[in-house]
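# An overview of the molecular structure
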Amino acid sequence: MTSTNETSTYWWPRGAGGADSAALEQWLAAHGWEVDPTVFMSGARGPAVQVRRIGAAWQDEESGPLILPGEVVEYDGAQMRIVSRPVGAVSPDP
């Protein structure tokens, strides 16, 4: 996880486990977001998670991004979005 002013990023690793999930949930909560408990997908490279604003129901607003294994999520102070990770980027600190 990295943070600069209001922009914060989180790298969701391939093959994410329980500790990764807890760290993601903590990072999301710090920005007013949560993992959507109604959406879960698991694949060969690890789980994918859907995120939403805390307390939002699926009919309340448009869903947040679906985070696939190996993707980087950015919070810009208002929205969550998937961003490109530079080739050769080092994995961020947990």
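Preceding block: the structure.
Counting restarts for each chain: residues are numbered from 1 in the order of the written sequence. Thresholds applied to this predicted model are a pLDDT of at least 70 for local features of residues and 80 or more for the giving and counting of side-chain atom pairs; totals over whole chains, interfaces and linings are not thresholded and use all residues. Just so you know, side-chain values use all the structure's heavy atoms and leave hydrogens and water out.

This next bit is on the nonpolar core. Grouped together as the largest cluster of nonpolar side chains are 14 residues, with contacts concentrated most on Trp 12, Leu 24, Trp 27, Leu 28 and Met 80. A per-element tally of this core places helix α1 (residues 18–30) first, with four residues. Residue contacts are defined here by distance: any two heavy atoms, one from each residue, within 4.5 Å place the two residues in contact. Setting aside anything within four residues of it in sequence, one finds Leu 24 in contact with Tyr 10, Trp 12, Val 35 and Val 49. As used here, the term nonpolar core means buried Ala, Val, Leu, Ile, Met, Phe, Trp, Tyr and Cys residues forming a set that is joined through side-chain atoms within 4.5 Å. Buried means the residue's accessible area, taken with a 1.4 Å probe over protein chains only, is under 20% of the maximum for its type, while exposed means over 50%, and partly exposed covers the values in between. For the purposes of this entry, the term helix denotes a DSSP run of H or I that reaches at least four residues, the term strand denotes a run of E that reaches at least two, and both are numbered from the N terminus.

We now examine the side chain of Asp 36. Summarising the element assignment, Asp 36 is placed in strand β3 (residues 33–43). Accessibility expressed as a relative area gives 5% for Asp 36, which makes it buried. If sequence neighbours within four positions are ignored, Asp 36 has contacts with Gln 50, Val 51 and Arg 52.

Moving on: the sheet that holds strand β4 (residues 46–53). Strand pairing follows a simple DSSP-based rule, namely that at least 2 bridges must link the two strands. Pairing in this open sheet of three strands is antiparallel, and the strands run β3-β4-β5 from one edge to the other. The sheet terminates laterally at β3 and β5 (66–67), the two strands that pair on one side only. Bridge analysis of β4 against β5 gives two bridges, and the strand direction is antiparallel. Pairing of Gln 50 across the sheet is with Leu 66, part of β5. Between N-to-C directions, angles cover 0 to 180 degrees, with each direction set by a line fitted to C-alpha atoms, over the stretch in contact for helices. Of the strands in this sheet, β3 and β4 are in contact with α1, which crosses β3 at around 145 degrees.

This part takes up α1. Helix span, expected: 1.5 Å multiplied by one less than the number of residues in the helix. Between its terminal C-alpha atoms α1 stretches 19 Å, which fits the 18 Å expected from 13 residues at 1.5 Å a residue. Against the buried residues of α1 lie β2 (7–11), β3, β4, β6 (72–75) and β7 (80–83). Positive phi shows up at Gly 32, right after α1, with a value of about 85 degrees.

Another point: the packing of aromatic side chains. Geometry of an aromatic ring pair is reported as the spacing of the ring centres plus the angle between the planes. Centres within 6.5 Å are what make two rings of Phe, Tyr or Trp a pair, Trp counting through its six-membered ring; a difference in plane orientation under 30 degrees is then read as stacked, over 60 as edge-to-face, and the rest as tilted. For the structure shown, the criterion picks out one aromatic pair. Seen in terms of ring centroids, Tyr 10 and Trp 27 are 5.5 Å apart; in terms of plane orientation they differ by 35 degrees. Their pairing is tilted. With Tyr 10 in strand β2 and Trp 27 in helix α1, the pair connects residues that are 17 residues apart, well separated along the chain. A relative accessible area of 3% means that Trp 27 is categorised as buried.

Below, the discussion takes up the pairing of β2. Across a regular strand the side chains alternate sides, sitting on one face of the sheet and then on the other. Of all five residues making up β2, four are buried, and the element is well covered by its neighbours. Bridge count between β2 and β6: four bridges; the pairing is antiparallel. Among the inter-strand pairings, Trp 11 is bridged to a residue of β6, identified as Val 72.

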